[in-house]
Protein chains: 2
Amino acid sequence: MPRAATTSDAFNAVAEPRRRQILSYLALRERPVGDIVETLSLDQPSVSKHLRVLRRVGLVRVRCEGRHKFYRTNAEAIRPLHEWAGTFERYWQHQLLSVKKRAEEKMTKLNSDFDPINPKEKP
Amino acid sequence: MPRAATTSDAFNAVAEPRRRQILSYLALRERPVGDIVETLSLDQPSVSKHLRVLRRVGLVRVRCEGRHKFYRTNAEAIRPLHEWAGTFERYWQHQLLSVKKRAEEKMTKLNSDFDPINPKEKP
DNA sequence: TTGACATATTCCCATATAAGTATGTATTGT
DNA sequence: ACAATACATACTTATATGGGAATATGTCAA
């Protein structure tokens, strides 16, 4: 089986760096496609294709006005990602404490074993 | 050009649902590969391959002990993801407010236009 | 209507999968 | 030494991709 489709969920959709750029750009305010093309220096068909993926997973919304289509980020669709990653917050906090503790132990060890005035390294 | 490699960054690595499962499982405490295989009902080679991907992007760490290899989630590596998604927090909060406001406007409109005692819908 | 403009779609292709199967490697117990 | 255990790797295959180029669709303006 190949990789899951980019359109299968937000996780797969935002795996592409260009799509993350587009989402950041469109979060500020709605923009026509041409603005994305210029600002991010991408080919127009490429942008259209990325936007289609983002549309399918609900990460962007469109508002049509004449021959322009204004896209904007639907930030709500990014929340599940944020929340999934957030479930690990307590673990990385814990890990930071562990690292700190180990560092302190190391310092203690250094302070007792190692004399900075008369170093024993490479004697 | 094909899709970026799953090993190119955390975003691509966690796009796979099984790898997210593995990360959640290994966040609680370190586990040997066999435990993952049993608990998540996956084939052993499949788990090994997922773990290789996760290792390459630093999402898991290994501790070897005899013929066992204990894997654990390196939650630190999930932080960038959390932080990227977090940059949209103010936008979805704003969007929630907008939705709320529009809903209230709608209610106001309904309350003035629409008489619940003598409805005009489908007369 | 005709042409210019904005955006979307189609086609082609090199490439990276993920699952399944089989095999390789290292370590332990007897 | 040998078998068993734990894990990793190699190989095959169907499939989805992203970029580029060309083309299609849709809308406005003169």
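### Description of the protein's contact with DNA strand D
Looking at DNA strand D, there are 30 residues lining it, with A:Thr6, A:Arg18, B:Met1, B:Ser48 and B:Tyr71 nearest. Sugar plus phosphate: this is where 64% of the atoms of DNA strand D within 4 Å of the protein reside. One of the backbone nitrogen or oxygen atoms of A:Thr6 is found 2.4 Å away from a phosphate oxygen of DNA strand D. Those elements that provide at least two residues to the surface near DNA strand D are α2 (17-28) and α4 (44-56) of chain A together with α3 (33-40), α4 (44-56) and β3 (68-73) of chain B. The greatest single-element share of the surface near DNA strand D, amounting to five residues, is contributed by α4(B).

### Observations regarding the interface of chain B and chain A
Between chain B and chain A, the contact holds 31 residues from the first and 31 residues from the second. Summed over both sides, the interface between chain B and chain A buries roughly 3200 Å², with carbon and sulfur atoms accounting for 64% of that surface. Among the residues of chain B in contact with chain A, B:Arg3, B:His82 and B:Trp92 are the three that bury the most area, contributing 23% of the side total. Viewed at the interface, chain A and chain B are joined by zero salt bridges. Between chain B and chain A we count five residue pairs in polar contact (both at pLDDT 80 or more) in total. Of all the secondary-structure elements, those providing two or more residues to the side of chain B that touches chain A are α1 (10-13), α2 (17-28), α5 (79-86) and α6 (89-113) of chain B. Of the residues belonging to the side of chain B that touches chain A, the class tally is 17 nonpolar, eight polar and six charged.

### Re the pattern of salt bridges
Residue and element names in this part refer to chain A. With the rule as written, the count across this model stands at 10 salt bridges over all chains. For the salt bridge of Arg63 with Glu30, the shortest nitrogen-to-oxygen distance reads 2.4 Å. A residue pair is termed long-range when its members are at least 10 positions apart, and Arg63 in strand β2 (residues 60-65) and Glu30 in the loop between α2 and β1 (31-32) qualify at 33 residues. Accessibility expressed as a relative area gives 27% for Glu30, which makes it partly exposed.

### Digging into the sheet that holds β1(A)
All names here are of chain A. Here we have three strands laid out as an open sheet, ordered β1-β3-β2, and antiparallel in their pairing. Where the open sheet ends on each side, the last strands, each with one partner, are β1 and β2. Bridge count for β2 against strand β3 (residues 68-73) is six bridges, and the pairing is antiparallel. Bridge pairing in β3 links Arg61 to Arg72. Against the sheet, α2 contacts β1, β2 and β3, and its axis sits at roughly 100° relative to β3.

### Observations regarding the relation of the copies chain B and chain A
Rotating chain B by 180° and moving it 0.0 Å along the rotation axis overlays it on chain A with an RMSD of 0.0 Å. Accordingly, the operation relating the two chain copies is best matched by a two-fold axis. Within chain B, the C-alpha atom positioned nearest to the axis of rotation is that of B:His82, 2.6 Å from it. Here 100% of the contact residues of chain B are again contact residues in chain A; the copies associate through an equivalent surface.

### Things to note about the nonpolar core
Grouped together as the largest cluster of nonpolar side chains are 62 residues, with contacts concentrated most on A:Leu51, A:Leu59, A:Phe88, B:Leu51, B:Leu59 and B:Phe88. The contact partners of B:Phe88, leaving out residues within four places of it in the chain, are A:Leu23, A:Ser24, A:Ala27, A:Thr73, A:Ala75 and A:Ile78.

### Details of the protein's contact with DNA strand C
Neighbouring DNA strand C are 29 residues; A:Met1, A:Gln44, A:Tyr71, B:Arg18 and B:Lys49 lie closest to it. Within 4 Å of the protein, the contacting atoms of DNA strand C are drawn from sugar and phosphate to the extent of 63%. Measuring from a sugar or linking oxygen of DNA strand C, one finds a backbone N or O atom of A:Met1 at 2.4 Å. Class assignment for the residues of the surface near DNA strand C results in nine nonpolar, eight polar and 12 charged.

So, how was this worked out
Residues numbered from 1 in each chain as written. Chains lettered and ligands numbered in written order. Predicted model: local features only at pLDDT ≥ 70, side-chain atom pairs only at ≥ 80, totals over all residues. Heavy atoms only, no water. Near = heavy atom within 4 Å. Polar contact = N/O pair within 3.5 Å; in protein donor to acceptor, adjacent residues only side chain to side chain. Helix = DSSP H or I, 4+ residues; strand = E, 2+ residues; numbered from the N terminus. Contact = heavy atoms within 4.5 Å. Buried area = accessible area lost by both parts, 1.4 Å probe. Salt bridge = Lys/Arg side-chain N within 4 Å of Asp/Glu carboxyl O. Nonpolar A, V, L, I, M, F, W, Y, C, P; charged D, E, K, R; others polar. Buried < 20%, exposed > 50% of the residue type's maximum accessible area, 1.4 Å probe, protein only. Pairing = 2+ DSSP bridges. Axes fitted to C-alpha atoms, helices over the stretch in contact; angles between N-to-C directions. Least-squares fit on C-alpha atoms with pLDDT ≥ 70 in both. Core = buried A, V, L, I, M, F, W, Y, C linked by side-chain atoms within 4.5 Å.

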